[in-house]
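Per-entry structural report
Residues per chain are reported as follows:
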Amino acid sequence: LLKSVEDEDEDEDEDDDVSTRDCGFSTKKWLHTKHRKNIFDQTRSVSVLNNYFISSDVDPQVTKDLDKAIALVRKYDPSGYLPGLMAPTREARIGYFAVRAFWLQSRLRFNEAPLANSVSASRQVMGVGAKGIEVSDEEGLQKWKMGVHCLYDGKSDNSLWEECPTLRLLHHVIQKHTLSRKHFDNILAGRELDLHRKQYPTVSSLTDHANMSCGSLFHLILECSNIGQSDEDGVIYKTAQDLGIAHGLANALRTSVPVASATGKIIIPQDLCDKYGIRSPRYLLSALGMGDEECRKHLQSAVKDIAFVARDHLEKARLRRDDILSHPDGETAVSVFLPGLASESFLNRLEIHQYDLTDRNLRSVGFVEHLMCASRIFGATLKKTY
């Protein structure tokens, strides 16, 4: 289920070798030396993080598994990486990266080895178009279900979770915190719904799916900070749901074009297609549809509606800030909700590009914008906002 970070970099190094082969001399040896240095630098940086995350009395195996979880989140979910560093305690940080790694790896078509000979859309969505996939989505999902079952059923064979770094790390977390199994089941149920779905029927079904996936993710991370949510009418529970929906919708819009290209799945619900007269959304999300200006405007209107739904849920979550801070675990809960800022950054960028999902500049995020987003997260940590 999880390859090593070194294997990932070897795949990327092959791409570098091909791109520089026409320089008139062999660059393979030089690249190999450069590759080894990069691996050393990456491993050293992760080890430094672990000195911050884990105390010396923790099992060394947990340290290794955390290394992989951090590298996984940093590579495939960079917007979720920095908020993990802001978790209030070391055990909460370990739990954050364990749960986030599970959430990433359980996605359909996930595979850590990207195409080595292409810089196509497959690099924009984890696993899409990747080589080396040996099991079907159904088989992979079933393995994750069995893994979760083994974590919670003391009578089951432990060999499955013992062989997977992410499940091993989750086992460590579950021994420290009370994580509700229903949230893991909800995440996997959302994946199962997507096995044969090519388009959501309504906006409501899209938001329900976002809540199943990302809402459950927030609930689990809250529990990693020892914040229980037995009261579903409670302010923290409702805020986790709203931020989960905003986070899920923003992610869906961000990955919509490469997903449509690779899998045929359309993020625009059928009711919005009917509302704006969009007859061929997959065509409009491809390069073939870029010349059809009138239809593209209709598509942009539908995307705008989805973005407004995401912003509405984000605003509802923020209106509860004072109530959350009055809660005994309020400050800790606020730190869990920091990923909402990254979702808002993408929604702002989408608005600047007039809700055009096919605009290549939409996904070209420069260093300055990364720095601004990071500074917002640091500032929100100090101000207790999200």
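All residue numbers here refer to positions counted from 1 along the written sequence of the relevant chain. Only residues with pLDDT of at least 70 are given local features in this predicted model, and only at 80 or more are side-chain atom pairs given and counted; all residues enter the totals for whole chains, interfaces and linings. Side-chain descriptors were evaluated using all non-hydrogen atoms of the structure, hydrogens and water having been removed beforehand.

Turning our attention to the environment of cysteine 273. For helices the rule is a DSSP run of H or I covering at least 4 residues; for strands it is a run of E covering at least 2, with both sets numbered from the N terminus onward. Tracing the chain through its elements places cysteine 273 in helix 13 (residues 270-276). In contact with cysteine 273, other than residues within four places in its own chain, are Gln199, Ile268, Ile278 and Pro281. Pairs of residues are marked as contacts when any of their non-hydrogen atoms sit within 4.5 Å.

Further remarks concern helix 5 (residues 90-105). Helix span is expected to be 1.5 Å times the residue number reduced by one. With 16 residues, helix 5 should reach 22 Å at 1.5 Å per residue; the first-to-last C-alpha distance of 23 Å fits that figure. Partly exposed describes any residue whose relative accessible area lies between the buried limit of under 20% and the exposed limit of over 50%, with all areas from a 1.4 Å probe on protein chains only and scaled to the type maximum. Taken across its 16 residues, helix 5 has 14 buried, putting it largely inside the fold.

Among the buried residues, those of types Ala, Val, Leu, Ile, Met, Phe, Trp, Tyr and Cys that are joined through side-chain atoms within 4.5 Å form a nonpolar core. Phe97, Val99, Phe102, Leu170, Leu179, Leu222 and Phe337 are the most contacted members of the largest nonpolar core, which has 64 residues in total. At nine residues, helix 5 tops the list of elements feeding residues into this core. Among all residues touching valine 99, those that are not within four sequence positions of it are Leu170, Leu179, Leu217, Leu220, Ile221 and Cys224. Membership of the second largest hydrophobic core comes to 29 residues, among which are Val203, Leu249, Ile267 and Ala307.

The axes of two packed helices give the description: the angle between them and the distance between them. Two numbers describe how helix 6 (residues 137-152) lies on helix 8 (residues 165-176): the axes approach to 10 Å, and their chain directions differ by 30°. Viewed along their axes, helix 6 and helix 8 adopt a mutual orientation that is roughly parallel. Like other packed secondary-structure pairs, helix 6 and helix 8 cross with a definite hand, here right-handed. From helix 6, Trp144, Gly147, Leu151 and Tyr152 reach across to helix 8, where they touch Thr166, Leu167, Leu170, His171 and Ile174. Under the scheme applied here, ten amino acids are nonpolar (Ala, Val, Leu, Ile, Met, Phe, Trp, Tyr, Cys and Pro), four are charged (Asp, Glu, Lys and Arg), and all others, including Gly, are polar. Within the contact of helix 6 with helix 8, the residues separate by chemical class into six nonpolar, three polar and no charged. Axis definition: a line fitted to C-alpha atoms, over the contacting stretch in the case of helices. Angles run 0 to 180 degrees between N-to-C directions. Note that the term roughly parallel is reserved for angles under 35 degrees, roughly antiparallel for angles over 145, roughly perpendicular for angles of 65 to 115, and oblique for everything else. The crossing is said to be left-handed when, going from far helix to near helix, the turn is anticlockwise and less than a right angle, and right-handed when the turn is clockwise.

To continue, consider the side chain of glutamate 344. Structurally, glutamate 344 can be placed in helix 18 (residues 339-352). Setting aside residues no more than four positions away along its own chain, glutamate 344 makes contact with Arg311, Leu314, Arg318 and Arg376.

As a further point, take the pattern of salt bridges. Salt bridge, as used here: a side-chain nitrogen of Lys or Arg that lies within 4 Å of a carboxyl oxygen of Asp or Glu. Applying the stated criterion across every chain yields a total of 15 salt bridges. Lysine 145 is the partner of glutamate 192 in a salt bridge, and the nearest nitrogen-oxygen pair spans 2.8 Å. With glutamate 192 in helix 9 (residues 181-193) and lysine 145 in helix 6, this pair connects stretches of sequence that are 47 residues apart. Across the pair lysine 275 and aspartate 305 runs a salt bridge whose closest N-O atoms are separated by 3.1 Å. Within this pair, whereas lysine 275 is found in helix 13, its partner aspartate 305 is found in helix 15 (residues 293-319), the two being separated by 30 residues in sequence. Since its relative accessible area comes to 55%, lysine 275 is described here as exposed.

The next thing to look at is helix 10 (residues 203-224). For helix 10, built from 22 residues, the straight-helix expectation of 32 Å at 1.5 Å per residue is met to within 8% by its first-to-last C-alpha distance of 31 Å. At asparagine 211, helix 10 shows its maximal bend, which comes to roughly 30°. A large share of helix 10 lies buried, amounting to 18 of its 22 residues. The angle between axes fitted to the seven residues ending at a residue and the seven residues starting there is what we call the bend at that residue.

With a 1 Å grid spanning the protein atoms alone, the term cavity applies to any set of points in which a 1.4 Å probe fits but cannot get out, the term pocket to an open set with protein on both sides within 12 Å along at least five of seven lines, and the term lining residue to any residue with an atom within 4 Å of a point. Grid points are joined across faces, edges and corners, and a volume is the space filled by probe spheres set on the points. One pass over the full model with this rule turns up three cavities of 30 Å³ or more. Of the volumes computed, that of the second largest cavity is approximately 50 Å³. Lining of the second largest cavity is provided by Pro83, Ala87, Pro88, Tyr96, Ile221, Ser225, Ser335 and Val336. The class makeup of the residues in the lining of the second largest cavity is six nonpolar, two polar and no charged.

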